[in-house]
Amino acid sequence: MASDRPRPRTAGALAFALVNDPAHDIRPGADARNPSCGRITEESPRELGGRSRKEVDLPGVAVWGDGDVVLRCGLPAPPPT
């Protein structure tokens, strides 16, 4: 049963993407400077799936491996499925 409670914007704004090309053009989400995004990326795990987290200078973005796994915060929530 669906709830009528509003969901936190950040929860719907996370996107995980598998990126095969290390030169992939990664851009921060429109709301990436939201303090919630900063907390999410700062508190993300140092290792994920055997890949170390890389330091990036993009707000709301965390990257593991050579761009194998990318977390982007601050994106619009996807439509219902």
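Structure first, text after, so check above.
The residue count restarts for each chain, going from 1 along the sequence in the order it is written. pLDDT decides what is reported in this predicted model: residues at 70 or higher carry local features, side-chain atom pairs at 80 or more are listed and counted, and totals for whole chains, interfaces and linings draw on all residues regardless. Working from all heavy atoms in the structure, the side-chain values ignore hydrogens and water.

1. Notes on the pairing of strand β4 (residues 61-64)
Link 1 in the chain: Accessible area is worked out with a 1.4 Å probe on protein chains only. A residue is then buried under 20% of its type maximum, exposed over 50%, and partly exposed in between. Helix and strand definitions follow DSSP, with helices as H or I runs of at least four residues and strands as E runs of at least two, each counted in order from the N terminus. Burial along β4 is two-sided: the residues V61 and V63 and A62 and W64 are all buried.
Link 2 in the chain: When DSSP finds at least two bridges between two strands, those strands are taken to pair. With two bridges connecting them, strand β3 (residues 51-54) and β4 associate as antiparallel partners. Bridged to R53 within β4 is W64.
Link 3 in the chain: Count of turn residues in the β3/β4 antiparallel hairpin: six residues, of which G60 carries a positive phi of about 70 degrees.
Link 4 in the chain: With four bridges connecting them, β4 and strand β5 (residues 69-72) associate as antiparallel partners. Following the sheet pairing, V61 is matched in β5 by R72.
Link 5 in the chain: Linking two consecutive strands that pair antiparallel, namely β4 and β5, is a turn of four residues; a positive phi of about 65 degrees is found at G65 within it.

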